Amino acid sequence: MSTEPFDAVDVIATKRDRKRLSDPQIDWVIDAYTRGVVADEQMSALAMAIFLNGMDREEIKRWTDAMIASGERMDFGSLPRPTVDKHSTGGVGDKITLPLAPLVACFGVAVPQLSGRGLGHTGGTLDKMESIRGWHASLTNEEMMAQLGTGPGAVICAAGAGLAPADRKLYALRDTTATVECVPLIASSIMSKKIAEGTHALVLDVKVGSGAFMKTRARAEELAHTMVDLGTDAGVDTVALLTDMSTPLGRTVGNALEVREAVEVLAGGGPSDVVELTLALAREMLTHAGHPDADPEAALADGRAMDAWRAMVRAQGGDPDAPLPQSTHTETVVAEAGGYVTEMDALAVGVSSWRLGAGRARKEDPVQAEAGIEIHAKPGDLVRAGQPILTLHTRTPERFDRAKAALSGAINIGPDAPDIPDSVVLGRIAPR
Ligand code: URA
């Protein structure tokens, strides 16, 4: 006879029938799933019931706490510096972590960026960093603490398997059961890892638009509020910026191409939207770390952020002076007509770059460091017919046809200048 206090079927039926899950039900189902007592098919049914019927604030908080309790908790309390982390919900061309972490660290703040690899059309920070010769993502907890405490202060590394293992299992399941785009499940997934990591403060970059999980502003606001509530309830000083992901961020998409652009920002240049978002997030992080008067713009201009980047790359075996991998094959996409670029769909560009080899379909697939897309004209730019809009890069030219097919209808050109918002930051969500 089973000694388990609940039956998975009853828990699923509770949510199927639009009722609240009790605290003991939540604690049990997460723990039993981690132990393998609740089967994948049962958890899939429960995830779909949550997807369809939602969870209230208390349920989401309990679900998050149960996922945290499934693993270890880190503690940065012994560090001589305040810790602030940033998390982006993921987008196309989003290389912001690369310049941001060293930029904030050069003000004496510890920045632990526990990052992931890309899956699907959004790139992963670790894949980008791995295009730097010699750089490695795996650090022991001791190495990470040394890098944060007495070393460069910024670390970008793989999250250890011990943090929220229930989420690791559940996220992989959601990925294959059409249950990813669900506010309670995304919020609890992201925040369980961030709270378990032990950061003092957290700045969230919640993306809105075709290349993001949340396609509309209302849904992105709901996600941001839910995550800010979870962080605040757990004692993490949390704020969110809502930022545009209707068009790719910056002028490159792909691993080595994005590293190149991040280094341009660290050298005081780079595309204006990448610089703007890097500075907006840096100001939030520095304010939450007790440095409201810090001037991150000056640190980009005078080389302090670049010095911190070079130290951070070297600390993890990387050579910041090594040339980045270059593609062996390129093709150009040109403007079909003259006029203003009115639209460049982020999702389509992300899928195209993924098909060129920059992303992976399964988590064990390799990625091409050099694959991706350079963007020569963006919405608002005036172009002539035949002018290059994109350059596609890959090592495997047989990929060009499918990559170009993904771009069908993605770039629109018209006679009138489009209304482009003057800032990539669309809003700010603070604790209520
Ligand atoms: N990132 C996560 O870590 N979890 C989600 O559910 C979605 C994005």
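Residues numbered from 1 in each chain as written. Predicted model: local features only at pLDDT ≥ 70, side-chain atom pairs only at ≥ 80, totals over all residues.

What's the story with the overall build of the chain in this structure? I'm lost.
Secondary structure assignment for the chain yields 16 helices and 13 strands. Relative to its length of 432 residues, the chain is compact, with a C-alpha radius of gyration of 22 Å against a globular reference of 22 Å. Overall size of the chain, expressed as C-alpha extent along the three principal axes, is 70 × 50 × 40 Å. Going through the 432 residues of the chain one by one, you find that 52% of them count as buried. Counting contacts in the chain only where the partners sit at least 6 residues apart, residues at least 24 apart contribute 80% of the total. (Helix = DSSP H or I, 4+ residues; strand = E, 2+ residues; numbered from the N terminus. Rg over C-alpha atoms; globule rule 2.2 N^0.38 Å. Buried ≥ 20, exposed ≤ 12 C-beta atoms within 10 Å, placed from the backbone. Contact = placed C-beta atoms within 7 Å.)

Is there a simple way to explain the site of the ligand in this structure?
Around the ligand, the structure places G90, Y171, V180, L185, I186, S189 and I190. At four residues, helix α9 (residues 183-197) tops the list of elements feeding residues into the shell around the ligand. Counted by class, the shell around the ligand contains five nonpolar, two polar and no charged residues. (Near = placed C-beta within 6 Å. Nonpolar A, V, L, I, M, F, W, Y, C, P; charged D, E, K, R; others polar.)

Hey, could you run me through helix α4 (residues 57-69) in this one?
For the α-helix, the turn length of 3.6 residues means that residues three or four positions removed from each other point alike. Its 13 residues give α4 an end-to-end C-alpha distance of 18 Å, which sits within 8% of 18 Å, the value for a rise of 1.5 Å per residue. The buried fraction of α4 is high, at 10 of 13 residues. At its buried positions, α4 is contacted by α2 (23-35), α8 (165-175), α9 and α10 (217-233). (Expected span 1.5 Å × (residues − 1).)

So what exactly am I meant to see when it comes to α8 here?
Among the residues making up α8, those that are buried are A166, D167, L170 and R174. Across the axial projection of α8, the buried residues extend over an arc of 90 degrees, all falling on one side. On its buried face, α8 sits against α2, α3 (40-53), α4 and α9. (Arc of directions from axis to C-beta.)

For this particular structure, what's the right way to read the domain arrangement of the chain?
The parts lose accessible area when they come together, and the size of an interface is often stated as this lost area. Segmenting the chain into domains produces domain 1 (84-161 + 196-322) and domain 2 (329-414). Here domain 1 and domain 2 have C-alpha centroids that lie 24 Å from each other. Taken together, the 25 residues of domain 1 in the interface contact 24 residues of domain 2. Among the elements of the structure, β6 (252-254) and α11 (255-266) are those that each provide at least two residues to the side of domain 1 that touches domain 2. (Domains from an automatic or database assignment.)

How do you make sense of the sheet that holds strand β11 (residues 388-394) when you look at a structure like this?
Pairing between sheet strands relies on hydrogen bonds along the backbone, with the strands arranged either parallel or antiparallel. Here we have four strands laid out as an open sheet, ordered β6-β9-β11-β7, and antiparallel in their pairing. The open sheet terminates on both sides in strands that have one partner only, identified here as β6 and β7 (329-334). Direction aside, neighbouring strands of the sheet carry axes that sit 15 degrees apart on average. Packed onto the sheet, α11 meets β6, β9 (372-375) and β11 and runs at close to 140 degrees relative to β6. Packed onto the sheet, helix α15 (residues 346-358) meets β6, β9 and β11 and runs at close to 135 degrees relative to β9. (Pairing = 2+ DSSP bridges. Axes fitted to C-alpha atoms, helices over the stretch in contact; angles between N-to-C directions.)

Explanation requested: the sheet that holds strand β13 (residues 425-429) in the structure shown.
Spatially, four strands are ordered β1-β4-β5-β13 in an open sheet, and the strand pairing comes out mixed. Lying at the two open borders of the sheet, with one neighbouring strand each, are β1 (84-88) and β13. Each strand axis lies, on average, 20 degrees off the axis of its neighbour in the sheet, ignoring direction. Of the strand pairs in this sheet, strand β5 (residues 237-244) and β13 are connected by four bridges, and their pairing is antiparallel. Its bridge partner being in β13, L242 is matched across the sheet by G427.

I'm lost on the packing of α9 against α10 in this one. Help?
Relative orientation and spacing of two packed helices are given, respectively, by the angle between their axes and the distance between those axes. Relative orientation of the contacting elements α9 and α10 amounts to 40 degrees, with a least axis distance of 9 Å. In terms of orientation, α9 and α10 fall into the oblique class. α9 and α10 meet at a crossing whose hand is right-handed. Only E222, L223, T226, M227, L230 and G231 of α10 make contact with α9, whose side of the interface consists of V183, I186, A187, I190 and M191. A class-by-class count of the residues in the contact of α9 with α10 yields eight nonpolar, two polar and one charged. (Parallel < 35°, antiparallel > 145°, perpendicular 65-115°, else oblique. Left-handed = near helix turned anticlockwise from the far one by under 90°.)

Could you clarify how one ought to interpret the nonpolar core in this entry?
Soluble globular proteins: nonpolar side chains tend toward being buried together. Grouped together as the largest cluster of nonpolar side chains are 133 residues, with contacts concentrated most on V104, V109, A224, M227 and A240. When we break this core down by domain, the ones giving at least three residues each are domain 1 (84-161 + 196-322) and domain 2 (329-414). Sequence-distant contacts of V109, that is, excluding residues within four places in its chain, are made with R81, P82, V84, V104, G153, M285, L286, A289 and H291. (Core = buried A, V, L, I, M, F, W, Y, C linked by C-beta atoms within 7 Å.)

How should I be thinking about unusual backbone geometry in this particular structure?
Leaving glycine aside, a negative phi is the common case for residues, and trans is the common case for peptide bonds. The backbone phi angle of A164 is positive, close to 45 degrees, even though this residue is not glycine. Mapped onto the secondary structure, A164 falls in the loop between β3 (154-158) and α8. A tally of 32 C-beta atoms within 10 Å means that A164 is categorised as buried. A positive phi angle, near 55 degrees, is found at A178, a position not held by glycine. Residue placement: A178 occurs in the loop between α8 and α9. The class for A178 is exposed, based on 12 C-beta atoms found within 10 Å.

Would you mind showing me how to read the pairing of β5 here?
For a regular strand, side-chain orientation follows a simple rule: the groups alternate between the two sheet faces. Of all eight residues in β5, seven are buried, a share of seventy percent or more. Pairing geometry for strand β4 (residues 201-208) and β5, over eight bridges, is parallel. Paired with D205 across the two strands is L241, which belongs to β5. Considered for its hand, the β-α-β crossover made up of β4, α10 and β5 is right-handed. (Right-handed = clockwise from strand over helix to strand, strands pointing away.)

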